[in-house]
Each structure stands twice: as C-alpha cells, then as structure tokens.
Amino acid sequence: QQPVQSPQAVILREGEDAVINCSSSKALYSVHWYRQKHGEAPVFLMILLKGGEQKGHDKISASFNEKKQQSSLYLTASQLSYSGTYFCGTAILQGAQKLVFGQGTRLTINP
Amino acid sequence: DSGVTQTPKHLITATGQRVTLRCSPRSGDLSVYWYQQSLDQGLQFLIQYYNGEERAKGNILERFSAQQFPDLHSELNLSSLELGDSALYFCASSVAPTYDQPQHFGDGTRLSIL
C-alpha cells in the first residue's frame with residue numbers, strides 16, 4: 001500500500017527544474033506533499049484531491065492523474081532553499097483511515 | 001513555526017524503561033496524529049485521535065499507547081523500550097480527521113535508547 005516515489009534522489013544546479021513522481025497501486029482519495037529538511041519537521045506543501053481540487057502554496061505546482069493513481073510535483077527555477085527530502089502521502093479511496101508516506105525523494109540543489 | 005508543540009525535544013533513556021511524549025496541537029485543530037521516523041526512513045503512522053477519541057491505528061506496537069485529553073493535547077507512552085525504538089517521533093494536527101486537510105507537524109521528539 002506504500003506509494004512509490006521516483007526518483008530516489010536528484011541533484012540540480014540552482015535554477016534548474018525537477019519533477020518528483022508518486023505512484024500508488026490503490027485508488028486514491030488524496031495525495032499530500034511535504035518537504036523535510038534534515039532533522040526538522042515535515043512542512044506541508046500541497047494536497048491534491050480526487051475530483052481536481054488542490055490546496056497548497058501558490059509557488060508549488062503539482063498534478064494528480066486519477067486514472068493512473070499518480071501524482072507529480074513540479075519544482076521550477078529551483079532555489080537553494082528547495083533542498084530537502086520530499087515525501088508524498090496517500091489516502092486511499094475506500095476506507096481511508098491513514099496517510100501512507102512514500103520513502104522520499106532527496107533533492108540537492110547546488111549553487 | 002507550525003503551531004504544534006512537542007516536548008521534550010530530546011530524550012535519552014535505557015532499554016526496558018518507559019517514557020511519555022507530549023504534543024499540543026495547533027489552536028483550533030481537533031485531530032492529532034503520531035508518526036515514527038527511524039534513521040533515513042519514511043514516516044510511519046502510529047495512531048490518530050479526534051476530539052478525544054481514537055480514530056485510526058497504524059503500525060503501533062502493543063508496548064505503545066496514546067491518548068488525547070479534554071484540552072486536546074495528546075501523549076504517546078512508550079514502555080519496555082528496546083534499541084529499535086530509537087527514532088524521531090512526530091506529532092501532527094489537523095482541523096478535521098479527514099484526508100482533505102493538511103497535517104501540520106511539530107518539531108518532533110528524538111528518542112535515543114542506550
């Protein structure tokens with residue numbers, strides 16, 4: 001039931017773009033995205049809901065393909081502050097009683 | 001600052017001991033979640049409370065228990081501690097217990113078992 005994230009790690013130069021993917025084998029109700037810096041709390045970025053509604057930060061963009069049960073997080077014109085580990089969390093459509101997080105994608109932004 | 005307060009920030013204890021972790025949710029949030037994060041691992045859901053009642057359980061060991069009090073703060077009790085229990089324990093809160101609302105995480109309690 002754990003969603004699969006790809007890639008596991010990515011290294012960029014400042015200003016480059018990145019896409020992080022999250023895939024589930026179950027029909028989903030919602031996908032949540034968080035960023036965590038080492039030793040710190042995860043910080044909420046965005047929620048994507050079945051039906052197309054999105055909640056989150058204006059500067060973050062993401063998509064949710066309901067047919068494929070996949071979500072993608074788009075990081076454009078990356079800044080040094082974007083570095084960290086990105087987690088997706090999924091709540092399944094039937095009997096969603098918990099958020100299951102993927103293993104994370106480690107993003108490193110170099111100057 | 002997420003508004004979620006966890007204490008203590010660090011805890012060092014020995015195997016076989018018992019500890020209590022405390023969490024105060026954001027003002028207005030009724031639902032509290034506990035997660036465990038081992039070294040370089042993802043977030044494992046332990047348990048959820050909503051307005052004082054247990055709502056969902058995840059991979060929580062029988063040695064672990066939790067409760068949410070009338071003032072909405074929550075405590076996670078870990079007993080008969082083992083080396084493998086060393087981890088970061090996060091509390092999160094949300095307005096509602098449904099999964100269309102963001103969860104806001106506290107800074108965590110780092111538990112080290114010696």
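Describing the overall build of chain A
The number of helices and strands found in chain A is 0 helices and 11 strands. In summary, chain A has a C-alpha radius of gyration of 13 Å against a globular reference of 13 Å for 111 residues, a match within 12%. When its C-alpha atoms are laid out on the principal axes, chain A stretches across 45 × 25 × 20 Å. Taking all 111 residues of chain A together, the buried fraction comes to 47%. Put simply, 55% of the contacts in chain A that link residues at least 6 apart link residues at least 24 apart. When the accessible surface of chain A is split by element, carbon and sulfur atoms take 48% of a total near 5,700 Å². For chain A, the distance from the average site of its 11 positive side-chain charges to the average site of its 7 negative ones is 9 Å.

Here we look at the sheet that holds strand S8 (residues 70–75) of chain A
Residues and elements named next belong to chain A. Taken together, the 4 strands give an open sheet; going across it, the order is S1-S3-S8-S7, and neighbouring strands pair in antiparallel fashion. Pairing within the sheet leaves two strands with one partner each, and these edge strands are strand S1 (4–6) and strand S7 (61–65). Between one strand and the next, the sheet's axes are offset by a mean angle of 15°, whatever the strand orientation. Two elements, S7 and S8, share 5 bridges in a ladder whose sense is antiparallel. Its bridge partner lying in S8, phenylalanine 64 is registered against serine 71.

Brief notes about unusual backbone geometry
In most cases, non-glycine residues show a negative phi, while peptide bonds are predominantly trans. With an omega of -10°, the peptide bond running from serine 6 of chain A to proline 7 of chain A counts as cis. Locating proline 7 of chain A in the fold gives a position in the loop between S1 and strand S2 (9–13). The amide bond that connects threonine 7 of chain B to the next residue, proline 8 of chain B, takes the cis arrangement and shows omega of -10°. Looking at the element boundaries, proline 8 of chain B is found in the loop between strand S1 (5–7) and strand S2 (10–13). Positioned with a positive phi, alanine 77 of chain A is a non-glycine residue whose angle comes to about 45°. A relative accessible area of 45% means that alanine 77 of chain A is categorised as partly exposed. Even without a glycine there, the phi angle at serine 80 of chain B is positive, about 45°. Within the secondary structure, serine 80 of chain B sits in the loop between strand S8 (74–78) and strand S9 (87–94).

Observations concerning the interface of chain B and chain A
At the interface, 19 residues of chain B touch 23 residues of chain A. Here chain B meets chain A over a buried area of about 1,800 Å², counting both sides, of which 57% is carbon and sulfur. Per-residue buried area on chain B facing chain A is highest for Leu43, Tyr99 and Asp100 of chain B; these three make up 34% of the total on that side. Seen at the junction of chain B and chain A, the total is 0 salt bridges. Taken together, the connections running from chain B to chain A amount to 5 residue pairs in polar contact (both at pLDDT 80 or more). Those elements that provide at least two residues to the side of chain B that touches chain A are strand S4 (31–37) and strand S5 (44–50) of chain B. For the side of chain B that touches chain A, the per-class residue count stands at 8 nonpolar, 7 polar and 4 charged.

Concerning the state of the cysteines
Overall, the coordinates contain 2 disulfides over all chains when judged by the stated rule. Between the sulfur atoms of cysteine 22 of chain A and its disulfide mate cysteine 88 of chain A the distance is 2.1 Å. An S-S torsion of about 70° defines the bridge between cysteine 22 of chain A and cysteine 88 of chain A as right-handed. Of this pair, cysteine 22 of chain A sits in strand S3 (residues 18–23) while cysteine 88 of chain A sits in strand S9 (residues 84–92); the two residues are 66 residues apart in sequence, bridging distant segments of the chain. With respect to burial, cysteine 22 of chain A and cysteine 88 of chain A carry one shared label: buried. A sulfur-sulfur distance of 1.8 Å marks the disulfide that ties cysteine 23 of chain B to cysteine 91 of chain B. Taking the sign of the S-S torsion, about -50° here, the bridge from cysteine 23 of chain B to cysteine 91 of chain B comes out left-handed. Placement of the pair is cysteine 23 of chain B in strand S3 (residues 19–24) and cysteine 91 of chain B in strand S9, with a sequence separation of 68 residues. Its relative accessible area of 0% is what places cysteine 23 of chain B among the buried residues.

Rules and cut-offs
As a convention, each chain's residues are numbered from 1 in the sequence order in which they are written. All chains are assigned letters beginning at A, and all ligands numbers beginning at 1, according to the order in which they are written. Local features in a predicted model are, by the rule used here, given only for residues with pLDDT of at least 70; side-chain atom pairs are given and counted only at 80 or more, and totals for whole chains, interfaces and linings are based on all residues. Note that water and hydrogens are dropped before the side-chain values are worked out from all heavy atoms of the structure. Under the DSSP-based scheme used, a helix requires at least four consecutive residues in state H or I and a strand at least two consecutive residues in state E, with every element numbered from the N terminus. Each radius of gyration reported is based on C-alpha atoms, and the globular scaling rule is 2.2 Å times the count of residues to the power 0.38. Classification of residues uses two cut-offs on accessible area relative to the type maximum, computed with a 1.4 Å probe and protein chains only: under 20% is buried, over 50% is exposed, and between them is partly exposed. Contacts: residue pairs with any heavy atoms within 4.5 Å of one another. A 1.4 Å probe and the Shrake-Rupley method give the accessible areas. Residues count as covered only by the protein chains that appear here. Counting rule for charge: Lys and Arg are taken as positive, Asp and Glu as negative, and neither His nor the chain ends is counted. A single reference atom marks each charge: NZ on Lys, CZ on Arg, CG on Asp, CD on Glu. One requirement defines pairing of two strands: DSSP has to find at least two bridges between them. Here, axes are lines fitted to C-alpha atoms. For helices the fit covers the stretch in contact, and angles between N-to-C directions go from 0 to 180 degrees. Accessible surface is computed with a 1.4 Å probe, and the buried area is the amount of it that two parts give up when combined, taken over both parts together. Note on definitions: salt bridges are taken to be side-chain nitrogens of Lys or Arg within 4 Å of carboxyl oxygens of Asp or Glu. By the criterion applied in these results, polar contacts are pairs of N or O atoms within 3.5 Å in which, for protein atoms, one can donate a hydrogen and the other can accept it, and in which residues neighboring in sequence qualify only through two side-chain atoms. Under the convention adopted here, Pro, Cys and the residues Ala, Val, Leu, Ile, Met, Phe, Trp and Tyr are nonpolar, Asp, Glu, Lys and Arg are charged, and Gly plus all remaining residues are polar. We call a pair of cysteine sulfur atoms a disulfide whenever their separation is within 2.5 Å.

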